[in-house]
Amino acid sequence: MKRALKGNRRGVQFQFNQNDNLPEGSALRLLWKRGDTRAVAAGRLQAMKVNPAAGRAPRDAMIKQVDGIDRWIPLPVRVRLVELLDAGGIEIRRIELADAEPTSPVAVAALARRWKADSPLRRAATAAVHYAEESGMASNALWVQGQPLDPRRDQYGAGALWINLGWYDFDQLVYRLRQGAQCLEVIRPTRTQPLHALHLTVHDAAALPRL
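**What about the sheet that holds strand E4 (residues 161-165)?**
Moving on, step 1. With mixed pairing, the 6 strands of this open sheet are ordered in space as E1-E6-E5-E4-E2-E3. Every interior strand has two partners, whereas the edge strands, strand E1 (90-97) and strand E3 (147-148), have only one.
Moving on, step 2. Bridging between strand E2 (residues 142-144) and E3 involves 2 bridges; their strand directions are antiparallel. Looking at E3, one finds that Trp143 is bridged to Pro148.
Moving on, step 3. On the sheet, helix H3 (residues 75-86) packs against E1 and strand E6 (195-202) and is oriented at approximately 130° with respect to E1.

**A short note on the nonpolar core**
Moving on, step 1. With 25 residues, the main nonpolar core has Leu81, Trp167, Leu173 and Leu198 as its most contacted residues.
Moving on, step 2. Listing elements by their share of this core, those giving two or more residues are H3, E1, helix H6 (173-178) and E6.
Moving on, step 3. With 4 residues, H3 is the single largest residue contributor to this core.
Moving on, step 4. Beyond its immediate stretch of four places on either side in the chain, Trp167 contacts Trp72, Ile73, Pro74, Val77, Leu81, Glu185, Val186, Ile187 and Leu198.
Moving on, step 5. Of all hydrophobic cores here, the second largest spans 24 residues; its members include Ala107, Ala110, Ala125 and Leu195.

**Considerations on helix H4 (residues 105-114)**
Moving on, step 1. The set of residues buried in H4 consists of Ala107, Ala110 and Leu111. The arc enclosing the buried residues of H4, seen along the axis, measures out at 95°, which places them on a common side. Away from its buried face, by an angle of more than 90 degrees, H4 presents the exposed residues Pro105 and Arg113.
Moving on, step 2. Here the buried face of H4 lies against helix H5 (120-134) and E2.

**A short note on the pattern of salt bridges**
Pairs can form between side chains of opposite charge whenever their charged atoms are close.
Moving on, step 1. Under the definition given, this model contains 5 salt bridges.
Moving on, step 2. The residue Glu83 makes a salt bridge to Arg80 at a minimum N-O spacing of 3.5 Å. Of this pair, Glu83 and Arg80 both sit in helix H3, 3 residues apart, which is roughly one turn of that helix.
Moving on, step 3. Judged by relative accessible area, which is 30%, Arg80 ranks as partly exposed.
Moving on, step 4. Across the salt bridge formed by Arg123 and Asp99, the nearest N and O atoms sit 2.8 Å from each other. With Arg123 in helix H5 and Asp99 in the loop between E1 and H4, this pair connects stretches of sequence that are 24 residues apart.
Moving on, step 5. By sharing partners, the salt bridges in this structure join Lys33, Asp36 and Arg44 into a single network.

**A closer look at H3**
Moving on, step 1. The end-to-end C-alpha distance of H3 is 16 Å, a good match for the 16 Å that 12 residues give at a rise of 1.5 Å each.
Moving on, step 2. Residues Leu75, Pro76, Val77, Arg78, Leu81, Val82 and Leu84 constitute the buried set of H3.
Moving on, step 3. Against E1, H6 and E6 lie the buried residues of H3.
Moving on, step 4. Just downstream of H3 lies Gly88, where phi reads positive at about 85°.

**Some remarks on the packing of aromatic side chains**
Moving on, step 1. For the structure shown, the criterion picks out 2 aromatic pairs.
Moving on, step 2. For the ring pair Trp143 and Trp162, a centre distance of 4.6 Å and an interplane angle of 20° mean the geometry is stacked. Placement of Trp143 in strand E2 and of Trp162 in strand E4 is noted, with a sequence separation of 19 residues between them.
Moving on, step 3. Taking the relative accessible area as the measure of exposure, Trp143 reaches 10% and is therefore buried.
Moving on, step 4. For Trp162, a relative accessible area of 6% translates into the label buried.
Moving on, step 5. Just above the ring of Trp162 sits the side chain of Arg176; from NZ or CZ to the centre is 3.6 Å.

**Re the pairing of strand E5 (residues 182-186)**
Moving on, step 1. Among the 5 residues of E5, 4 are classified as buried, and the element is accordingly described as predominantly covered.
Moving on, step 2. In terms of strand pairing, E4 meets E5 through 5 bridges, oriented parallel. Bridge pairing links Asn164 to Glu185 in E5.
Moving on, step 3. For the segment spanning E4, H6 and E5, crossover handedness is right-handed.
Moving on, step 4. Pairing analysis gives 4 bridges linking E5 to E6, with the strands arranged antiparallel. The residue of E6 that forms the bridge with Cys183 is Leu200.

How each quantity is defined
Residues numbered from 1 in each chain as written. Predicted model: local features only at pLDDT ≥ 70, side-chain atom pairs only at ≥ 80, totals over all residues. Heavy atoms only, no water. Pairing = 2+ DSSP bridges. Helix = DSSP H or I, 4+ residues; strand = E, 2+ residues; numbered from the N terminus. Contact = heavy atoms within 4.5 Å. Axes fitted to C-alpha atoms, helices over the stretch in contact; angles between N-to-C directions. Core = buried A, V, L, I, M, F, W, Y, C linked by side-chain atoms within 4.5 Å. Buried < 20%, exposed > 50% of the residue type's maximum accessible area, 1.4 Å probe, protein only. Arc of directions from axis to C-beta. Salt bridge = Lys/Arg side-chain N within 4 Å of Asp/Glu carboxyl O. Expected span 1.5 Å × (residues − 1). Phe/Tyr/Trp six-rings, centres within 6.5 Å; stacked < 30°, edge-to-face > 60°. Lys NZ or Arg CZ within 6 Å of the ring centre and 35° of its normal. Right-handed = clockwise from strand over helix to strand, strands pointing away.

Following this line, the structure appears as structure tokens:
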């Protein structure tokens, strides 16, 4: 849906819900509401005029770990990550996932059941699970896009690793971290492009906000 709306223009970023997390001073303008015709919505768009004095907007909530990939990270997500990092609650490590299959037959079978072979989500999940194996975390419970990789190990507390594709369930991040879990956020699942991810771990649980 995002691609249909903006094509390949990098200067357009869509945010769904979470309007309260927009930067102070952000103005909302109605483009479409239920019942409107396409012509009405198009008319609202055409009525918006370019400001000739406008320059490049500053990049808010930037940290080195997201430099170069920030266009795929919604601003409210970046704001939240910076808040947690500045408070000393988390550590963030940026990695590039390798294209590799997990060695566990259980993992391979589970991922094959969920996604087709050419799915970008399948590629991202496969690379993330391989990373978990290489990092020595595969012996713990692994959750992929909200589901346990192995139903026999479905604990979600201390030691668990949540693999999320495209910020799935990001609103659960603090809760999971407070339970002692880690999170691996694959920024942009894609069929062919590099797979960037952020590995989030707890630095100081006392600094995490209370739920």
